[in-house]
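Breakdown of the fold
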Amino acid sequence: MSVPRGLRWSQGSVADLFSGRNNSLGFLRLTLASAVVVSHARILGFGNEEFGHHFSHGQTDLGKLSVYGFFVLSGILVTRSGKRLPLGRFLWHRALRLLPGLWVCLAVTAFLVAPLLYWRQQGGLEGFWGHPEGPLRYMSSNWAVAPLQNDVSGVVATAGESGLAHSPSIDAALWSLRYEVLCYVGVALLALTGALVRARRVVLLVVGVLGLLVVRDALKVPFWSGFDDSDYHTSLELFHFMGRFDPDVVLYLGLAFALGSVIELYRERVPVSDVLGVASALVFLGSLRFGYFFVVGLPAYAYLLLWLAIRLPAPFRRIGARHDYSYGMYIYGFVVQQSLVAVGFTRWGFWPYLGMSLAGALAAAVLSWHVVERPAMRLKDLGSSRSAGRSPTGEGDAARPTVPDPPGGVSSAVTADVSPAEGVGKRA
C-alpha cells in the first residue's frame, strides 16, 4: 500500500525536529486549558456530565483528557530540565513557575472574589471575616498546592443551597497540582541518582511497571475510568499540607508523565512520522469509543500531542510563543465559572455562560502572566552568572515561560514545561 502524497513515514527524529521555537506547544497548552473550561461549563453550570463522558463510556472526559495531555507534555519538558540543571536550580525553577501564580490566585479568590460574592448574597460583609472557613484560613490551608479547604466563608455553599452551584469548591481545579509536584520529585530523584543521564532504562522500567498495573485494571473492565472519585477519602496522606494522594490517580497521571519522560530520554530514536501521527489519532479515538483507552489510547495520545507540536502549520506556532496564558487560565477558570454560577448567569443558557467563562478565564490569565508569572520567572537565574541579559519570556526548563537557550540549540519555547495544573475532571 502506497503512502498518500504529503504523508511521509519519517520527517526525522524528535531530537532533530523538536527544538528551537518552531513548534506549537503554546497553542496546545492553551487549547488544553481552554478545553478544561469548556468541559467544566456543563457540570458547574448545569450539573450535566462533562463532554466526552458518554462517548468514552465513562472512561474519561474532556477535562481529564486535558489533564493527561498536560502531564504528557510536562513529562517531556520537565525531564529535559532535570537532565540539564543542577538539582537545586531545577527545584528553584519548578517552585517559581508553580507557586507565585498559585499564591496570588488564592489571594485573589479569598480577598476579592469571595467578599464580592458574600456581599451580593448577604447584603454586607458581616460574618465574612470571622467565618470558621474564612479567607485567612483558606490561604493557610491551601498554600502548599493542595486544596484542603474548598470554600471561602460559605459563598459556594450558599449558592448550592439556592440551587445554583453544583460543586462544593470555589477552585477544585487545583487538585491536580500536588500530583504534578509529585512527578517533579520523581524527576529530581532520578536526576540525583544520575538515572536521567546514565541509566535511562530505569524510566523504561517505570513505564513498564505502571503499564502492567494499567493492563491489570483494564482486563477486569475494558471501560475502566482510571480512578474512582468515591475512593478519594480512603487515599494516602504522606504529608498533611500536601493533602491526600489517591493511588489510582498517581498511577494514571504518573503513566502519562512517564510516557513524556521516555519520549524525551529516547528522543533520538523516536521518529516524527505523519503515518504514525494519523494512526495515533485513530487509535486514540477508537480506544475512547470501544475501550482500553489507558492501555492503547493514552500512549497514542502522547505521540499525537508530540506530533501535533512538531507538525502543525506555522500559524499555530505563533500562538503562545511569547506569552503563555495556559497556567493562569487553568487555575482561574474554575473560580470564574463558580462566580458566574453564584450570581445566576447560567439563567441565560449554556453558550452565553461558556462565552463568559472563557472570556473571564482568559482575562485573568493575561493579568496573571504579565503581573505575576512572567516577573517571577525573572528570578529563575538568581545567583547564577547566566542571569544577566536573559529574556523573561523563555526558560529552558521551568513550566512554560522561558529564559536562556540551553545547550544544543534547544530554546525556551520547547523546554518550557507544563503545569497542569494542570487538571480537573470529576474531582471538580
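Quick note: structure is the one above.
Residues numbered from 1 in each chain as written. Predicted model: local features only at pLDDT ≥ 70, side-chain atom pairs only at ≥ 80, totals over all residues. Heavy atoms only, no water.

Turning to the overall build of the protein chain, a few remarks are in order. Assigned secondary structure in the protein chain consists of 16 helices and two strands. Every one of the 428 residues in the protein chain was classed for burial, and the buried ones make up 56%. A sequence separation of at least 24 residues applies to 74% of the contacts in the protein chain between residues at least 6 apart. (Helix = DSSP H or I, 4+ residues; strand = E, 2+ residues; numbered from the N terminus. Buried < 20%, exposed > 50% of the residue type's maximum accessible area, 1.4 Å probe, protein only. Contact = heavy atoms within 4.5 Å.)

Here we take up the layout of surface pockets. Taken as a whole, the second largest pocket spans an internal volume of roughly 360 Å³. Considering the residues around the second largest pocket, the lining is formed by 18 residues, among which Cys-183, Gly-186, Val-206, Gly-254 and Phe-257 are closest to the centre. Looking at the lining of the second largest pocket, the elements with two or more residues in it are helix H3 (62-84), helix H7 (177-193), helix H9 (201-220) and helix H10 (247-265). The residue makeup of the lining of the second largest pocket, split by class, is 14 nonpolar, four polar and no charged. (1 Å grid on protein atoms, 1.4 Å probe; cavity = no way out; pocket = protein on both sides within 12 Å on 5 of 7 lines; lining within 4 Å. Points joined across faces, edges and corners; volume = space filled by probe spheres on them. Nonpolar A, V, L, I, M, F, W, Y, C, P; charged D, E, K, R; others polar.)

With that out of the way, let us pick up the pattern of salt bridges. Tallying each qualifying case throughout the model produces 10 salt bridges. In this structure, the salt-bridge partner of Arg-200 is Glu-268, at a minimum N-O distance of 2.9 Å. Placement of the pair is Arg-200 in the loop between helix H8 (195-198) and H9 and Glu-268 in the loop between H10 and helix H11 (274-290), with a sequence separation of 68 residues. The exposure class assigned to Arg-200 is partly exposed, which follows from its relative accessible area of 22%. Overall, Glu-268 belongs to the partly exposed group, its relative accessible area being 39%. Across the pair Arg-216 and Asp-217 runs a salt bridge, and its minimum N-O distance is 3.3 Å. (Salt bridge = Lys/Arg side-chain N within 4 Å of Asp/Glu carboxyl O.)

What follows concerns empty space enclosed by the protein. This structure, assessed with the given rule, holds five cavities of 30 Å³ or more. Here the second largest cavity is characterised by a volume of approximately 40 Å³. What lines the second largest cavity is Leu-117, Val-155, Val-156, Ala-159, Ala-165, Ile-170, Gln-338, Ser-339, Val-341 and Ala-342. Of all the elements in the fold, those that place two or more residues in the lining of the second largest cavity are helix H6 (155-161) and helix H14 (326-342). Top contributing element to the lining of the second largest cavity by residue count: H14, with four residues. Per-class residue counts for the lining of the second largest cavity are eight nonpolar, two polar and no charged.

With that out of the way, let us pick up the packing of H3 against H7. For any two helices packed against each other, one specifies the inter-axial angle together with the distance between the axes. Where H3 meets H7, the axes come as close as 10 Å, and the angle between the chain directions of the two elements is 35 degrees. In this structure, the crossing between H3 and H7 has a hand that is right-handed. Together, Phe-71, Ser-74, Val-78, Thr-79 and Gly-82 of H3 and Tyr-179, Glu-180, Cys-183, Tyr-184, Val-187 and Ala-191 of H7 make up the contact between the two elements. For the contact of H3 with H7, the residue count by class is seven nonpolar, three polar and one charged. (Axes fitted to C-alpha atoms, helices over the stretch in contact; angles between N-to-C directions. Left-handed = near helix turned anticlockwise from the far one by under 90°.)

Attention shifts here to a nonpolar patch on the surface. Taken together, the side chains of Leu-87, Leu-91, Val-185, Leu-189 and Leu-192 present a nonpolar region at the surface, about 440 Å² in accessible area. Counting only elements with at least two residues in the nonpolar patch, the list comes to helix H4 (87-122) and H7. By the secondary structure assignment, Val-185 is in helix H7. With relative accessibility at 41%, the residue Val-185 sits in the partly exposed group. (Patch = residues over 30% accessible without salt bridge, like charges linked within 9 Å, V, L, I, M, F, W, Y side chains within 5 Å. Areas by Shrake-Rupley, 256 points an atom, 1.4 Å probe, with all protein chains shown as cover.)

All right, on to the side chain of Glu-50 then. Following the sequence through the fold, Glu-50 ends up in the loop between helix H2 (25-46) and H3. Separated by 2.4 Å, the side chains of Glu-50 and Ser-39 make a polar contact. (Polar contact = N/O pair within 3.5 Å; in protein donor to acceptor, adjacent residues only side chain to side chain.)

Okay, H4 next. Every α-helix winds through 3.6 residues per turn, so residues three or four apart in the chain are directed the same way. Here H4 contains 36 residues, and its C-alpha end-to-end distance of 50 Å stays within 8% of the 52 Å for a straight helix at 1.5 Å per residue. Its axis deflected by about 35 degrees at Thr-109, H4 carries its strongest bend there. (Expected span 1.5 Å × (residues − 1). Bend = angle between axes of the 7 residues up to and from the residue.)

Now for the nonpolar core. Of all hydrophobic cores here, the largest spans 111 residues; its most connected members are Phe-18, Tyr-68, Leu-298 and Leu-306. Discounting chain neighbours no more than four positions away, the residues touching Leu-306 are Val-14, Phe-18, Ile-76, Ile-263 and Val-270. (Core = buried A, V, L, I, M, F, W, Y, C linked by side-chain atoms within 4.5 Å.)

One can find Ala-281 in helix H11. With 22 residues separating them along the chain, Ala-281 and Tyr-303 place their C-alpha atoms 8.9 Å apart.

Attention shifts here to H10. Between its first and last C-alpha atoms H10 spans 25 Å; for 19 residues at 1.5 Å apiece the expected length is 27 Å, and the two agree. When you tally the buried positions in H10, you get 16 out of 19 residues, the bulk of the element. Among the residues of H10, the N-terminal cap falls to Asp-246, whose side-chain oxygen and the backbone nitrogen of Asp-248 are separated by 2.9 Å.

As a further point, take the packing of H2 against helix H12 (residues 293-311). Put simply, H2 and H12 touch, their axes get as near as 8 Å, and they point 130 degrees apart. Here H2 lies oblique to H12, going by the angle between them. Judged by the twist between their axes, the crossing of H2 over H12 is right-handed. Contacts between H2 and H12 involve Leu-25, Leu-28 and Leu-32 from the former and Tyr-301, Leu-305, Leu-308 and Ala-309 from the latter. (Parallel < 35°, antiparallel > 145°, perpendicular 65-115°, else oblique.)

Of note in this structure, Val-145 is not a glycine but carries a positive phi near 60 degrees. Position of Val-145 among the secondary structure elements: in the loop between helix H5 (135-142) and H6. One non-glycine residue, Ser-153, lies in positive phi territory at about 55 degrees. Its place among the elements puts Ser-153 in the loop between H5 and H6.

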